[in-house]
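Coordinate inspection notes
Now for the letters of each chain:
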Amino acid sequence: MDAALALAFHRQMLQIKGNTTFRMPAMIPARYARAVFSLIMSGLMSCIVTGIATVKAIGFGPSTFGDWLASWAFCWPIAFTVILLFGPTVQRMVNRMVRPQD
């Protein structure tokens, strides 16, 4: 019953009336956008990279998943810090490399 109630609520919240579209209210203040982006991007990238590196290093086996999670848990905070610290510098470099949109 809870799942049906949640689905009904979700449908009601996403209902479009006329030309207006529904926007979910922001849950986190905009001043934290860079940190949230860094957290999500570092988590995603470190997950993928450590997964590939783990399989390449030890192959598939019974301990692969556990080894991958241990590697990911170690690497994610490092990746988060690197993106948080170097992100603005990389953004400035990219801004110098690309032409403004017409």
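Below: a short report on this structure. The shown structure was predicted, so the numbers you read here are calculated from the model rather than taken from an experiment.

Some words on helix 2 (residues 33-58)
Taking 1.5 Å as the rise per residue, helix 2 with 26 residues should run 38 Å; its terminal C-alpha atoms sit 37 Å apart, in good agreement. Within helix 2 the residues assigned to the buried category are Ser-38, Ser-42, Gly-43, Ser-46, Cys-47, Thr-50, Gly-51 and Thr-54. Downstream of helix 2 by a residue or two, Gly-59 has a phi angle that is positive, lying close to 75 degrees.

Looking at the side chain of Thr-64
Within the secondary structure, Thr-64 is located in helix 3 (residues 64-97). Look at Thr-64 and you get buried, because its relative accessible area is 9%. Here the side chain of Thr-64 touches Gly-61 through a polar contact of 2.7 Å, landing on its backbone nitrogen. For Thr-64, the contacting residues outside a window of four places in its chain are Thr-54, Val-55, Ile-58 and Gly-59.

Comments concerning helix 3
The terminal C-alpha atoms of helix 3, which comprises 34 residues, lie only 41 Å apart, well short of the 50 Å expected from a rise of 1.5 Å per residue. Largest kink in helix 3: about 50 degrees, centred on Phe-86, with the proline Pro-88 one to four residues after it.

Quick word on the environment of Pro-77
Within the secondary structure, Pro-77 is located in helix 3. Using a relative accessible area of 46% as the deciding quantity, one classes Pro-77 as partly exposed. For Pro-77 and Ser-42, which are 35 residues apart along the polypeptide, the C-alpha to C-alpha distance reads 8.1 Å.

Re the packing of helix 2 against helix 3
Interaxial distance between helix 2 and helix 3 falls to 7 Å at its minimum, and their mutual angle equals 140 degrees. In terms of orientation, helix 2 lies oblique with respect to helix 3. Once helix 2 is placed against helix 3, the crossing between them reads as right-handed. In terms of residue class, the contact of helix 2 with helix 3 is made up of 15 nonpolar, nine polar and two charged.

Criteria and thresholds
- Residues numbered from 1 in each chain as written.
- Predicted model: local features only at pLDDT ≥ 70, side-chain atom pairs only at ≥ 80, totals over all residues.
- Heavy atoms only, no water.
- Helix = DSSP H or I, 4+ residues; strand = E, 2+ residues; numbered from the N terminus.
- Expected span 1.5 Å × (residues − 1).
- Buried < 20%, exposed > 50% of the residue type's maximum accessible area, 1.4 Å probe, protein only.
- Polar contact = N/O pair within 3.5 Å; in protein donor to acceptor, adjacent residues only side chain to side chain.
- Contact = heavy atoms within 4.5 Å.
- Bend = angle between axes of the 7 residues up to and from the residue.
- Axes fitted to C-alpha atoms, helices over the stretch in contact; angles between N-to-C directions.
- Parallel < 35°, antiparallel > 145°, perpendicular 65-115°, else oblique.
- Left-handed = near helix turned anticlockwise from the far one by under 90°.
- Nonpolar A, V, L, I, M, F, W, Y, C, P; charged D, E, K, R; others polar.

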